[in-house]
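An overview of the molecular structure
Read off the chains here:
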Amino acid sequence: QVQLVESGGGLVEAGGSLRLSCAASGGTFSTYAMGWFRQTPGKEREFVARISGSGRSTYYADSVKGRFTISRDNAKNTVYLQMMSLKPEETAVYYCAVADRSWVTSTSPSRYTSWGQGTQVTVSS
C-alpha cells in the first residue's frame, strides 16, 4: 500500500502561483501513474491532472491546461503540481492519488487506489 503526503498548499492572491508536492512511500513509485484532484465542500472530487509512471505522458483538465504543470521525480518518489495564474474559484483541498498501473485514461477518482490527506489551497480575490 502506497502512502502519500501532500504539502505546499496555502493562501495566495488571484493570479499568483503555488507548487504542490506529494511524497510517496511504500511502493515502487515509478510503476504507478499519479494524479491530482481537488474538492470543495458539497462538490465531487474533480480531476486536475495526471502523469504516467515514467513521467513522459501527462493529461490535464481543460480548466487548468496551460496554467498547471504536473511533473514527477522518481528518484525522490515525489510528484509535483505547479499552479500558475490561480483563480479564486480554484480554492479547494488538493489531493494526490496513485493508480495501480503505469497509465490510466480515465479522469474518474475510482481509478486511483490510494490518496493523500489533502492540502488546502486558498486563492483570494
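What you see as residue numbers is a count from 1 along each chain, following the sequence as written. Reporting of local features is limited, given that this is a predicted model, to residues whose pLDDT is at least 70; pairs of side-chain atoms are given and counted only at 80 or more, and all residues count toward the totals for whole chains, interfaces and linings. Note: side-chain values were computed over all heavy atoms of the structure, leaving out hydrogens and water.

Helical segments are the DSSP runs of H or I of at least four residues, strand segments are the runs of E of at least two, and each set is numbered from the N terminus. Along the polypeptide, E6 turns up in strand β1 (residues 3-7). Every residue pair with non-hydrogen atoms within 4.5 Å of one another is taken to be in contact. Among residues more than four places away in sequence, those in contact with E6 are S21, C22, W36, Y94, Y95, C96, G116, Q117, G118 and T119. For E6, the side chain forms a polar contact with the main-chain nitrogen of C96, separated by 2.8 Å. Identification of polar contacts relies on pairs of N or O atoms within 3.5 Å, with a donor-acceptor requirement for protein atoms, meaning one able to donate a hydrogen and the other able to accept it, and with residues adjacent in sequence counted only if both atoms are side-chain atoms. A polar atom in the side chain of E6 sits 2.8 Å from the backbone nitrogen of G118.

Here we take up the side chain of S21. With respect to the helices and strands, the residue S21 is situated in strand β3 (residues 18-25). What makes S21 buried here is its relative accessible area of 15%. Each residue touching S21, except ones within four places of it in the same chain, is listed here: V5, E6, S7, W36, T78, V79 and Y80. Burial classes: relative accessible area under 20% of the type maximum marks a residue as buried, over 50% as exposed, and values in between as partly exposed (1.4 Å probe, protein chains only).

Moving on, we come to the state of the cysteines. Sulfur atoms of two cysteines make up a disulfide when they are within 2.5 Å. For the coordinates displayed, the defined rule picks out 1 disulfide. Sulfur-sulfur distance for the disulfide between C22 and C96 comes to 1.9 Å. Taking the sign of the S-S torsion, 50° for the link of C22 and C96, the bridge is right-handed. Taken together, the residues C22 in strand β3 and C96 in strand β9 (residues 92-99) connect sequence positions 74 residues apart. A residue is classified by how much of its surface remains accessible, and C22, at 0% relative accessible area, is buried.

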